Amino acid sequence: SRVSTQSTGWTQNECRHLTSDIPEPSPSLKQGFLMLQDRESLLKATLSELAKVRRAVLLRMFINSLTRGGPGGTPKPIELSSHDPIRYGGDMLAWLHQTIASERDLLSSFLPTKETVLEVLCEVTEGVSRTLKIRVEQIINNTDECITLLQICNIIQFYLSTIKPFLSEAAPLISLISELNTQCRKQFNRHYALSISRLSDRNELPGLDLVPTTAFQEAVHLLKIILNTHDVSVVPDVSPLTSMTELLDVVIGPILTLCNMSASQLEPVDNAVYIINLVSCLYNVLAMYENTDNKLELLQNKIDEELETLTNLQYDHMIKTTSIPPTEMINTDRLSVVSSKLDQALLNTELLWLQQCTRLSALRHRNAVWRGACEQFVKVYTTLIQSECNEGILLKSPDQIAQLLK
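Calculation criteria
Residues numbered from 1 in each chain as written. Predicted model: local features only at pLDDT ≥ 70, side-chain atom pairs only at ≥ 80, totals over all residues. Heavy atoms only, no water. Helix = DSSP H or I, 4+ residues; strand = E, 2+ residues; numbered from the N terminus. Rg over C-alpha atoms; globule rule 2.2 N^0.38 Å. Buried < 20%, exposed > 50% of the residue type's maximum accessible area, 1.4 Å probe, protein only. Contact = heavy atoms within 4.5 Å. Areas by Shrake-Rupley, 256 points an atom, 1.4 Å probe, with all protein chains shown as cover. Lys, Arg positive; Asp, Glu negative; His and termini not counted. Charge placed at Lys NZ, Arg CZ, Asp CG, Glu CD. Phe/Tyr/Trp six-rings, centres within 6.5 Å; stacked < 30°, edge-to-face > 60°. Axes fitted to C-alpha atoms, helices over the stretch in contact; angles between N-to-C directions. Parallel < 35°, antiparallel > 145°, perpendicular 65-115°, else oblique. Nonpolar A, V, L, I, M, F, W, Y, C, P; charged D, E, K, R; others polar. pLDDT = per-residue confidence, 0-100. Arc of directions from axis to C-beta.

(A) Representation of the overall build of the protein in the model. A tally of regular secondary structure across the protein gives 15 helices and zero strands. Rg of the C-alpha trace for the protein: 35 Å, well past the compact-globule value of 22 Å for 406 residues, more than 25% over. The principal-axis extents of the C-alpha atoms in the protein amount to approximately 120 × 45 × 25 Å. Per-residue burial for the protein yields a buried fraction of 46% across its 406 residues. Within the protein, contacts between residues separated by at least 24 positions form 72% of all contacts whose residues are at least 6 apart in sequence. For the protein, the computed accessible surface area is about 20900 Å², with 51% contributed by carbon and sulfur atoms. The distance from the centre of the 36 positive side-chain charges to the centre of the 46 negative ones in the protein is 8 Å.

Given below as structure tokens:
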């Protein structure tokens with residue numbers, strides 16, 4: 001017991017001398033800790049003394065790096081770049097990453113187990129938490145440009161992933177960086193929503209051509225920058241699919257809302273064409289990036305829904321143009337009118353087209369609407385052919401009508 005007490009006193013005294021940035025521990029320090037292995041309370045007290053000393057050292061080093069820089073001013077003080085939020089935040093976190101690695105190497109040189117190294121390192125690194133928190137929160141709160149915020153988020157997420165392996169999940173510094181990451185994400189979400197809201201506030205109505213408005217184009221341009229920014233970020237322990245899905249959950253909804261708001265005052269046909277054009281534009285942008293399949297499926301479903309609406313409207317127009325009556329109102333006179341108007345329309349099929357359908361941006365969508373409407377039309381025509389009232393009035397077969405409508 002006396003030996004243990006003497007060993008504890010000597011070991012704690014040695015720990016108190018580890019006050020330089022890069023100390024040179026006594027070769028006997030490891031032996032001193034080994035002798036305390038079986039005396040849990042004495043070991044704990046000594047580890048606490050060590051953590052207290054190194055915690056103060058790490059905080060002093062961090063503040064010096066922020067305000068004074070390295071020896072002789074090289075590297076320069078980190079706070080000289082405080083005007084550049086991306087570099088400022090990145091430099092602080094990079095310094096911590098490098099210093100924590102060095103601190104772990106130091107502790108590993110004399111502490112007996114990995115567990116004790118981890119325990120002390122978690123306590124030591126807590127010392128810089130307050131200083132880091134104040135500065136990074138200042139960066140986040142003073143930044144109102146959503147692209148810059150996303151870049152800061154990416155930096156925080158990257159260093160969270162690279163520092164985490166040195167510390168335990170419950171380490172105060174890891175908890176802090178996770179909290180800062182969450183704050184930055186919320187700030188990005190808020191400013192992105194504000195950016196789209198400002199575009200929406202223009203109340204810009206679509207023109208007769210039913211192509212995307214300037215406001216919508218600006219929203220899509222912002223989306224491209226965001227996706228490009230995300231695409232170049234590298235986060236070691238985060239799934240690219242998960243990361244992209246979380247981002248898209250934030251950015252796509254407000255653009256779809258902008259789309260629906262700008263289309264809300266249009267007539268049904270114009271509304272369907274306009275929404276198809278806008279959502280297709282959005283679809284084409286997302287299709288250029290990986291891990292967007294879930295949102296592409298959502299957008300495709302929206303397009304298909306509007307195409308179905310437009311197909312039915314196109315079919316209604318064809319029925320109206322050729323004066324085809326409801327089944328219960330079919331008679332010889334009506335069939336004669338249908339025959340005459342159908343012959344005219346087949347000579348110039350543009351008469352059968354809803355003019356708005358020609359404003360669909362994608363040829364495949366125009367073709368899909370026409371094909372679907374024609375199929376419905378041919379089915380109705382088949383019913384007319386088979387009607388008892390058709391006494392040689394309608395001479396063309398359904399197959400001929402289908403061929404002429406292609």
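The discussion continues.
(B) A look at the environment of Thr214. Residue placement: Thr214 occurs in helix α9 (residues 214-231). The class for Thr214 is partly exposed, based on a relative accessible area of 41%. For the pair Thr214 and Ile134, spaced 80 residues apart in sequence, the C-alpha separation works out to 40 Å. Residue contacts for Thr214: discarding those within four places in its chain leaves Arg202 and Glu204.

(C) Structural context of the packing of aromatic side chains. Under the defined criterion, the tally for this structure stands at five aromatic pairs. Between the aromatic rings of Phe188 and Tyr192, the centroid separation amounts to 6.1 Å while the plane-to-plane angle is 25°, which identifies the pairing as stacked. Here Tyr192 and Phe188 lie together in helix α8 (residues 172-200), a separation of four residues that amounts to about one turn. A single burial state applies to Phe188 and to Tyr192, both of which are buried.

(D) Structural detail: the packing of helix α6 (residues 129-142) against α8. Axis separation between α6 and α8 bottoms out at 10 Å; the angle between their running directions is 5°. On the basis of their axis angle, the class for α6 and α8 is roughly parallel. Between α6 and α8, the contacting residues are Ser129, Leu132, Lys133, Val136, Glu137, Ile140 and Asn141 on the first element and Pro172, Leu173, Leu176, Ile177, Glu179, Leu180, Gln183, Cys184 and Gln187 on the second. Residues that form the contact of α6 with α8 fall into these classes: nine nonpolar, four polar and three charged.

(E) Local environment of the confidence of the model for the protein. When pLDDT is averaged along the protein, the result is 93, and 99% of the positions lie at 70 or above. Per-element averaging of pLDDT across the protein places helix α1 (residues 2-16) at the bottom with 80 and α6 at the top with 98.

(F) Representation of unusual backbone geometry in the model. Here the residue pair Thr74 and Pro75 is connected by a cis peptide bond, since its omega of -5° sits within 30 degrees of zero. By secondary structure assignment, the location of Pro75 is in the loop between α3 (40-67) and α4 (85-108). Even without a glycine there, the phi angle at Ser323 is positive, about 60°. The partly exposed category is assigned to Ser323, whose relative accessible area is 25%.

(G) How the structure looks around helix α15 (residues 398-405). Of the residues making up α15, those classed as buried are Pro398, Ile401 and Leu405. Burial along α15 is one-sided: seen end-on, the buried residues are contained in an arc of 60°. Facing away from the buried side of α15 by over 90 degrees, the exposed positions are Asp399 and Gln403. Residues of α15 that are buried make contact with α12 (293-321), α13 (332-347) and α14 (363-385).

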